[in-house]
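Breakdown of the fold
Chain by chain, the residues run as shown.
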Amino acid sequence: MNVKNNVEWVGKVDWELRKFHGNEYSTHRGSTYNSYLVSEGKTVLIDTVWKPYAREFVENLEKKIGLDKIDVIVANHAEPDHSGGLPELMRHIPETPIYCTENGVKSLKGQYHQDWDFRPVKTGDRLDLGNGKEIIFVEMKMLHWPDSMASYLTKDDILFSNDAFGQHYASEFMFNDLVDQAELTAECIKYYANILTPFSPLVEKKIAEVLSLNLPIDIIAPSHGVIWRENPIQIVEKYLAWARDYRENQVTILYDTMWDGTRIMAENIALGIGREDATLNVKLFNIAKSDRNDIITEVFKSRLILVGSPTIGKGITSATAGILEEIEGLRFRNKKAAAFGCYGWSGEAVAKLNAILEKSGFQLVNQGLKCLWNPDGESIRRCIAFGGEIGRS
Ligand code: FEO
């Protein structure tokens, strides 16, 4: 598929992918592994595909141009969804140089144990392609791995941004202006929330650094999802907004429940919040029944989260512990939180939730709410009042 002039997309659309990073990321709409072929004086392959599609990828390249026509490989990122095609490809063209960062060399060697002809590059290094065109390399350290890098093609003004600005979104259309805009936005924000949140302070700095290079950008071609050709700067602006402790006017209530008591608490707390401030968008999720990554996206959008768990084994439910582990790792900033839960006799869950939420960087608005046994009329009134307090906070 032609991207622009002599740049073609030669990747793989993976319609059936439903879990990514092992089981850590749900991909309801599949994904793509974008690889690009730049055919100028030199022929350059930018990134490959995930290993299960390596043979198909290499066979297609062989049919298309003949593998020995590839002069240079650029490995913008060593994670296996982009480098997984290298071992199969390098079996056929073992002498071909691979341009990547110093950390990319370590990472590729660590994963594939091969001494390929690595050519480490730094920000600002250039590769002459002939025909008056060059590739300029830009290190993207920790966005989102130490080796991450972007490559910029002069004259065509294409930024091959790798993971940055991507989405796990399969489409045969492949350009941002051709796909459903609501689906695209949903996949972009989910991707940022679940992958890039911990690196938000770096995102702002890196975008400023890239913009200071004064490179005109006509197209942003990421390594997942659609290519940004219509107003590509829109996704850069979204990243800047998301990197600045993004919050919508939203409260998200996450809860798990054993015999419905904590669910009843959640619903009545929501009622109290709504009565206090009807403009707040209050959303409820049963943690054990909902997709983890979709919940994380809602946390990302929230000003405040409430986490509820009944007490079990002097602690919290395993589903609650699981999502809180993920939330802690994402290092959200500038968000408030509170805890709640039912108990029968000892009732440790709320104190445990408070400790985890504080450790995870949330500002607790109070010490939480506990209800003994299943909520009765008085307990329900306390939940509604608690919701009112949350709404005011
Ligand atoms: Fe799409 Fe970090 O790999």
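Use the structure listed above.
So, how was this worked out
- Residues numbered from 1 in each chain as written.
- Predicted model: local features only at pLDDT ≥ 70, side-chain atom pairs only at ≥ 80, totals over all residues.
- Heavy atoms only, no water.
- Helix = DSSP H or I, 4+ residues; strand = E, 2+ residues; numbered from the N terminus.
- Lys, Arg positive; Asp, Glu negative; His and termini not counted.
- Charge placed at Lys NZ, Arg CZ, Asp CG, Glu CD.
- Buried < 20%, exposed > 50% of the residue type's maximum accessible area, 1.4 Å probe, protein only.
- Contact = heavy atoms within 4.5 Å.
- Salt bridge = Lys/Arg side-chain N within 4 Å of Asp/Glu carboxyl O.
- Axes fitted to C-alpha atoms, helices over the stretch in contact; angles between N-to-C directions.
- Parallel < 35°, antiparallel > 145°, perpendicular 65-115°, else oblique.
- Left-handed = near helix turned anticlockwise from the far one by under 90°.
- Nonpolar A, V, L, I, M, F, W, Y, C, P; charged D, E, K, R; others polar.
- 1 Å grid on protein atoms, 1.4 Å probe; cavity = no way out; pocket = protein on both sides within 12 Å on 5 of 7 lines; lining within 4 Å.
- Points joined across faces, edges and corners; volume = space filled by probe spheres on them.
- Domains from an automatic or database assignment.

Our next topic: the overall build of the protein. Across its full length, the protein holds twelve helices and 22 strands. Across its three principal directions, the C-alpha atoms of the protein cover 80 × 40 × 35 Å. Taken together, the 45 basic and 54 acidic charged side chains of the protein have centroids lying 4 Å from each other.

Here the focus is helix H7 (residues 233-243). Within an α-helix, residues lying three or four positions from one another point in the same direction, as the helix has 3.6 residues per turn. Within H7, burial applies to Gln 234, Ile 235, Val 236, Tyr 239, Leu 240, Trp 242 and Ala 243. Buried residues in H7 make contact with helix H5 (181-196), helix H6 (200-212), strand E16 (219-222) and helix H9 (292-301). Remark: Asp 245 follows H7 within two positions and exhibits a positive phi of approximately 45°.

Before going further, it helps to spend a moment on the pattern of salt bridges. Counted by the stated rule, this structure contains 25 salt bridges. Of the charged contacts in the structure, one is a salt bridge between Asp 218 and Lys 4, with a shortest N-O distance of 2.8 Å. Of this pair, Asp 218 sits in the loop between H6 and E16 while Lys 4 sits in strand E1 (residues 2-4), and the two are 214 residues apart along the sequence. Note that Glu 88 is salt-bridged to Arg 91, the shortest N-O span being 3.0 Å. Of this pair, Glu 88 and Arg 91 both sit in helix H3 (residues 86-92), three residues apart, which is roughly one turn of that helix. Residue classification places Arg 91 among the exposed positions, given a relative accessible area of 56%. Where salt bridges share partners, they join Glu 24, Arg 292 and Glu 326 into one cluster.

Where H6 contacts H7, the axes come no closer than 8 Å and their chain directions differ by 140°. With respect to their mutual orientation, H6 and H7 come out oblique. Crossing handedness for the pair H6 and H7: left-handed. When H6 is examined against H7, the residues Ser 200, Val 203, Glu 204 and Ile 207 are found in contact with a partner set consisting of Val 236, Tyr 239, Leu 240, Trp 242 and Ala 243. Here the residues of the contact of H6 with H7 sort into seven nonpolar, one polar and one charged.

Right, let's talk about unusual backbone geometry for a bit. Trans peptide bonds make up most of the peptide bonds, and negative phi angles are found at most residues other than glycine. For the peptide bond that leads from Leu 143 to His 144, omega is 10°, which places it in the cis range. Residue position: His 144 is located in the loop between strand E13 (133-139) and strand E14 (149-153). The phi dihedral of Asp 47 falls on the positive side, at around 65°, and the residue is not glycine. Mapped onto the secondary structure, Asp 47 falls in the loop between strand E8 (43-46) and helix H1 (54-64). Given a relative accessible area of 4%, Asp 47 falls into the buried group. We note that Asn 131 has phi near 55°; this positive angle belongs to a residue other than glycine. Within the secondary structure, Asn 131 is located in the loop between strand E12 (126-130) and E13.

Quick look at empty space enclosed by the protein now. A full pass over the atoms with the stated rule returns four cavities of 30 Å³ or more. If you go around the largest cavity, you meet 16 residues; those closest to its centre are Met 140, Ala 164, Phe 165, Lys 206 and Ile 207. Looking at which element gives the most residues to the lining of the largest cavity, the answer is H6, with five residues. A class-by-class count of the residues in the lining of the largest cavity yields 15 nonpolar, no polar and one charged. Residue lining of the second largest cavity: Thr 197, Ser 200, Trp 242, Asp 245, Tyr 246, Phe 300, Arg 331, Phe 332, Arg 333 and Lys 335, and that is the complete set. A class-by-class count of the residues in the lining of the second largest cavity yields four nonpolar, two polar and four charged. Residue-level mapping places the lining of the second largest cavity at the junction of two domains, with at least three residues from each of domain 1 (2-243) and domain 2 (250-392).

What follows is about the layout of surface pockets. Each pocket or cavity is described by its volume, and for the largest pocket that value is around 300 Å³. If you go around the largest pocket, you meet 18 residues; those closest to its centre are Trp 259, Pro 310, Thr 311, Tyr 343 and Gly 344. At the level of secondary structure, the elements contributing two or more residues to the lining of the largest pocket comprise helix H8 (261-276) and strand E20 (336-343). Considered class by class, the residues forming the lining of the largest pocket number eight nonpolar, nine polar and one charged. The calculated volume of the second largest pocket comes to roughly 240 Å³. In terms of lining residues, the second largest pocket is bounded by His 21, Glu 24, Tyr 25, His 144, Asn 194, Ile 195, Pro 198, Phe 199, Asn 293, Glu 326 and Leu 330. For the lining of the second largest pocket, the elements supplying multiple residues, two or more each, are H5 and helix H10 (318-330).

Any functional reading would require information beyond the geometric quantities listed.
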